[in-house]
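The residues making up each chain are set out below.
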Amino acid sequence: MPDTVAPNLVAAVSESRHWDRMMEMAAIGAFTDADGNIGVNRPCLSELDRQARRLLISYAQQAGLPVSVDALGNLFLRHEGSDPTLAPVLTGSHMDSQPNGGRFDGIWGVMAGLEAVQAIRESGVATRRAIEVVAWTNEEGGRFAPGCMGSMAYAGFAKPDTWDAVTDLQGVTVGDALAEQHAAEADLPRRPLGVVDGIAPHAYLEAHIEQGPILEMEGDEIGIVTGIQGSRWFLVEIQGRTDHAGTSPLRIRRDAMQDAVRAITALNALMHDPADVLRFTVASMEVFPNTSNTVADRVRFTIDFRHPDNEVLQARGNAIAGVIQAALQTCRFTLTERFHAVPVNFQQEVPAAVERAAKAQGLRARRMPSGAFHDAQFMVPLCPTGMLFVPCRNGVSHHPAEYSTAAQLAAGTRVLAQALTELANT
Ligand code: GLV
Ligand code: MN
Ligand code: MN
């Protein structure tokens, strides 16, 4: 395969067009935090999400790319290849954000895919295979848990109706939110969910900001992602009894909050890792009835647990129930697992294509694993898969201060364009 730079293609990536579109997109759901950072709150399957999708569709129309949508709301823009019978190359990411999110997580991978494809078209570089740019539904899991619903359903990890009854904090179900979205997008052509006509993609390459500090610290411009660590999400519900905060002696209470604190303390001990590789996060808690002078009868909290070693992921994840059971003094509990993504290592093809493109363009690149999960995790059984990272300032992500420069994004997009072209011609 060529490891020389494709000058027309590289020159056709427009840093200013790409950045301007990124900022236009970032205005949808924008907010300014107390420190003056401009963040994005664009929940999946919301009106803002649909506005962003319409904007993407308008760019696709300008670029001459037909658009289609599947049963999960995954949105596809297609650049046709010279041989439409061949399996396409897929690229993309997600458009939803965390509630206190940034302007780059996810959306950059979609917009980079669009810019790369537009550059391929404008430079007249031939591709035998089609290249499809996908915007996966609900990668974040911020409004509806778990994340990666669109890619999991596409890849056959779960049936399309698996999450229909899942609710957001307002009680809206995924099923209803999806139906509303389909109604609003009834003008878009539908495509079957999953691999079309039994033809899996030829390859999947997702571009993303790193969301960590390594590239910036090391002075590297491109991360060649080697794999993604495993993640498990759980919902814990502790059930006790309400009582009067002024009159009921502590010894007779069944205080769900106090038992939740005991459970979390015990879980911290279970998850203790002197090497600091393991990730354990409790970051969402609901308390009922949630007043200061009534003992809580119900507390729900989430667990986000990650590890690159599947044995550790399984062993400690499976120990959670017993640890909570042993920690509770007066309450009962239920534990529901909502997400289970095992660690993946990418096959060589796609990382190698990214590496060749970065090298050909004279960029400093390093191989590195991903600590964040991504839709790419679920594509691994379907086709050769990979990701490329660009640096982000101070490694900050899931925060309004998340930032990558126009030049950093353009460099990643040029590598993406070249790697996609190579993959689409093999
Ligand atoms: C993705 O947003 C993750 O939490 O890793
Ligand atoms: Mn993301
Ligand atoms: Mn994210």
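We now turn to the structure provided with this report. Keep in mind it's a predicted model, so treat the numbers as computed, not measured. (Residues numbered from 1 in each chain as written. Chains lettered and ligands numbered in written order. Predicted model: local features only at pLDDT ≥ 70, side-chain atom pairs only at ≥ 80, totals over all residues. Heavy atoms only, no water.)

**Points about the site of ligand 1**
Point 1. Taken together, E139, E140, R306, A372, F373 and H398 make up all the residues around ligand 1.
Point 2. Taking 190 Å² as the accessible area of ligand 1 by itself, protein coverage stands at 93%.
Point 3. Of the residues belonging to the shell around ligand 1, the class tally is two nonpolar, one polar and three charged. (Near = heavy atom within 4 Å. Areas by Shrake-Rupley, 256 points an atom, 1.4 Å probe, with all protein chains shown as cover. Nonpolar A, V, L, I, M, F, W, Y, C, P; charged D, E, K, R; others polar.)

**Let's talk about the coordination of the manganese ion (ligand 3)**
Point 1. Binding of the manganese ion (ligand 3) to the protein goes through D105 (OD), E140 (OE), E140 (OE) and H398 (NE2), at separations of 2.1 to 2.5 Å.
Point 2. The sequence motif formed by the donor residues of the manganese ion (ligand 3) is D-x34-E-x257-H.
Point 3. Here the manganese ion (ligand 3) and the manganese ion (ligand 2) are spaced 3.6 Å apart, and both take D105 as a donor. Residue E140 is found in the loop between β6 (131–136) and α5 (149–154), and its partner H398 is found in the loop between β16 (385–390) and α12 (406–423); the two are separated by 258 residues along the sequence.
Point 4. On the basis of relative accessible area, E140 is assigned to the buried category, the value being 4%.
Point 5. For H398, a relative accessible area of 39% corresponds to the partly exposed category. (Donors = N, O, S within 2.8 Å, 3.2 Å for Na, K, Ca; no water. Helix = DSSP H or I, 4+ residues; strand = E, 2+ residues; numbered from the N terminus. Buried < 20%, exposed > 50% of the residue type's maximum accessible area, 1.4 Å probe, protein only.)

**A word on the pattern of salt bridges**
Point 1. Enumeration over the complete set of coordinates arrives at 24 salt bridges.
Point 2. The partner of R366 in a salt bridge is E218, and the shortest N-O contact between them spans 3.6 Å. Pair noted here: R366 is in strand β15 (residues 365–370) and E218 is in helix α7 (residues 214–218), with a separation of 148 residues, a long-range link.
Point 3. Taking relative accessible area as the criterion, E218 reaches 36% and is therefore assigned partly exposed.
Point 4. When salt bridges that share partners are traced, they join R78, E80, E132 and R191 into one network. (Salt bridge = Lys/Arg side-chain N within 4 Å of Asp/Glu carboxyl O.)

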